[in-house]
Amino acid sequence: MARQGWEDSEFPIVCETCLGPNPYVRMTKQKHGKECKICGRPFTIFQWCPGAGMRNKKTECCQTCAKVKNVCQTCVLDLEFGLPTQVRDTVLQTRDDVPRSNVNREFFVASVEGQLGNDSLINYAKADSTAREQLKRISRVEPYYKRNRPHICSFYVKGECKRGDECPYRHELPIDNDLSNQNIKDRYHGKNDPVAQRILNRTDRSRTLNTPEDKSITSLFLTGIEKDISEQDLRDFFYGFGEIKSINVVQKSKVAFINYATRAAAELAVSKTFNNLNIKGRTIRVQWGKARPQGPRSDLQAGIDGSGSSSYAAPMGGPPAPPSIDDLINMPPPPPPPGQGSFSYPSQDPTALGTVGGREFRA
Ligand SMILES: [Zn+2]
Ligand SMILES: [Zn+2]
Ligand SMILES: [Zn+2]
């Protein structure tokens, strides 16, 4: 009776990487061998070796938990994209519906079990195509078999391993903090996952690279153009990607626009230089420019009058933060972003908390 609902599967739900390059890998199976690390119910453990010289792998959570989040039973990464659930769910804007408290979770898992079949609660098809594109971009294309290597020998790290070549663990000093260091429950629920955070930080930056859908946009926006970088320097460099229509350097704001004759040239230039451009020892940030403002901008004139600045809202000291860059490239030159051009510090922002008669101060 109590065993009803316990899985009795022939093959685990695992990702390509965890399985290893040989699809005919031999598995050992232990029915109801251990408690699922997520829901705590007994489940069938599979064990296998994912290739010569690799460490043995085993399933860590039950199939229902894996299906609920569409993750690998071993590494708990998303099955479709190989990404941490935190990354996937942030991009897809899915909530974590699985209760964290033990009793509620057990009830939840048991109640969805019957409905799931071979499906998952994660519905990729429902997500909008940009989100899916983004996931595709940041995911690995190939399985990452290196992840299956033996763990690092802790004795070797301390300089105390005497087993030499016989040692089954890796004799290397740790450089990257591996997935194995993280709490599997947190990763499953998509919380406190440092790897996910790293990926999200990276994609945050690269989101600004998002190729504009408006194909008439053929210009690049550059920041970090110091005085010693001339228009000719830029021309010499960017000429290599295709015919340049014009170059505008705004020395005062340390920015420049490279306007290409064709979209293809602009795309090539962005792809080759994004996060990777150095001229005369200066790091230059490259992003897409916008040819014209999006939507109506009735506040343009107010912006010009109010700010007294005749140019872009220049990045202040060093590389500007991504949001201000976004503001910059969304704005047609020359006015500053509306509502932001007229004050420089948070305390000058009339909409900020605590500035209106002190009423907004929290106790
Ligand atoms: Zn489970
Ligand atoms: Zn896996
Ligand atoms: Zn060792």
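Whatever comes next refers back to the structure up there.
The text that follows walks through the structure, step by step, so that each part is easy to find. Nothing here was measured: the structure is a model prediction, and the numbers come from that model. (Residues numbered from 1 in each chain as written. Chains lettered and ligands numbered in written order. Predicted model: local features only at pLDDT ≥ 70, side-chain atom pairs only at ≥ 80, totals over all residues. Heavy atoms only, no water.)

### Focus on the packing of helix α3 (residues 85-92) against helix α5 (residues 129-138)
At a minimum axis distance of 9 Å, the contact between α3 and α5 shows a crossing angle of 150 degrees. One finds that α3 runs roughly antiparallel with respect to α5. Considering the relative orientation of α3 and α5, their crossing is right-handed. In this structure, α3 uses Val87, Arg88, Val91 and Leu92 to contact α5, whose residues at the interface are Ala131, Gln134, Leu135 and Ile138. (Axes fitted to C-alpha atoms, helices over the stretch in contact; angles between N-to-C directions. Helix = DSSP H or I, 4+ residues; strand = E, 2+ residues; numbered from the N terminus. Parallel < 35°, antiparallel > 145°, perpendicular 65-115°, else oblique. Left-handed = near helix turned anticlockwise from the far one by under 90°. Contact = heavy atoms within 4.5 Å.)

### Quick look at empty space enclosed by the protein
By the definition in use, this model includes two cavities of 30 Å³ or more. The computed volume of the second largest cavity comes to approximately 40 Å³. As for the second largest cavity, its lining consists of Lys34, Glu35, Lys37, Phe43, Ile45, Lys58, Thr59 and Glu60. Elements supplying a minimum of two residues to the lining of the second largest cavity: β1 (27-35) and β2 (42-48). (1 Å grid on protein atoms, 1.4 Å probe; cavity = no way out; pocket = protein on both sides within 12 Å on 5 of 7 lines; lining within 4 Å. Points joined across faces, edges and corners; volume = space filled by probe spheres on them.)

### Remarks on the coordination of the zinc ion (ligand 3)
Metal coordination angles in their ideal form are 109.5 degrees for the four-donor tetrahedron and 90 or 180 degrees for the six-donor octahedron. Within the protein, Cys153 (SG), Cys161 (SG), Cys167 (SG) and His171 (NE2) serve as the donor atoms for the zinc ion (ligand 3), at 2.2 to 2.3 Å. Here the zinc ion (ligand 3) binds four donor atoms, and the angle range of 97 to 117 degrees at the metal identifies the geometry as tetrahedral. Within one chain, the residues donating to the zinc ion (ligand 3) are spaced in sequence as C-x7-C-x5-C-x3-H. On the basis of relative accessible area, Cys153 is assigned to the buried category, the value being 1%. (Donors = N, O, S within 2.8 Å, 3.2 Å for Na, K, Ca; no water. Tetrahedral: all angles 85-135°; square planar, octahedral: opposite > 155°, others 65-115°. Buried < 20%, exposed > 50% of the residue type's maximum accessible area, 1.4 Å probe, protein only.)

### Let's talk about the packing of aromatic side chains
Within the structure shown, the criterion is met by four aromatic pairs. Plain terms: the ring middles of Phe221 and Phe257 are 5.1 Å apart, the flat faces sit at 50 degrees to each other, and that makes the pair tilted. Linking Phe221 in strand β4 (residues 219-223) with Phe257 in strand β6 (residues 255-260), this pair joins segments that are 36 residues apart in sequence. Taking relative accessible area as the criterion, Phe221 reaches 0% and is therefore assigned buried. (Phe/Tyr/Trp six-rings, centres within 6.5 Å; stacked < 30°, edge-to-face > 60°.)

### Quick look at α5
Among the residues of α5, Ala131, Gln134, Leu135 and Ile138 are the ones counted as buried. Burial along α5 is one-sided: seen end-on, the buried residues are contained in an arc of 100 degrees. The exposed residues of α5 that point more than 90 degrees off its buried face are Lys136 and Arg137. (Arc of directions from axis to C-beta.)

### Observations concerning the pairing of β2
Counting buried residues along β2, five of its seven residues qualify, which places the element largely inside the surrounding structure. Note: β1 against β2, six bridges, orientation antiparallel. What sits directly across from Gln30, in β2, is Ile45. Counting the residues that bridge the hairpin from β1 to β2 gives six residues, and of these Gly40 lies at a positive phi of roughly 85 degrees. Sheet topology places β2 next to strand β3 (residues 57-58); two bridges connect them, and they run antiparallel. Counterpart to Gln47 in the pairing with β3 is Lys58. (Pairing = 2+ DSSP bridges.)

### Points about unusual backbone geometry
You will see that Asn70, though not glycine, has its phi angle at about 50 degrees, which is positive. With respect to the helices, strands and loops of the structure, Asn70 is situated in the loop between α2 (63-69) and α3. Classification of Asn70 by relative accessible area gives buried; the value is 15%.

### Considerations on the coordination of the zinc ion (ligand 2)
Bound to the zinc ion (ligand 2) are the protein donor atoms Cys15 (SG), Cys18 (SG), Cys72 (SG) and Cys75 (SG), situated 2.2 to 2.3 Å from the metal. Because the angles between the four donor atoms bound to the zinc ion (ligand 2) fall within 104 to 116 degrees, the donor set is best described as tetrahedral. Look at Cys75 and you get buried, because its relative accessible area is 6%.

### Comments concerning the nonpolar core
The biggest cluster of nonpolar side chains holds 22 residues, and the ones touching the most others in it are Leu220, Leu222, Leu234, Phe238, Ile258 and Tyr260. Put simply, the parts of the chain that give this core at least two residues each are β4, α9 (231-238), β5 (244-250), β6, α10 (263-273) and β9 (285-288). Tallying contributions element by element places α10 first for this core, with four residues. Counting residues in each nonpolar core, the second largest holds 20 residues, with Ile13, Ile45, Ala66 and Val76 among its members. (Core = buried A, V, L, I, M, F, W, Y, C linked by side-chain atoms within 4.5 Å.)

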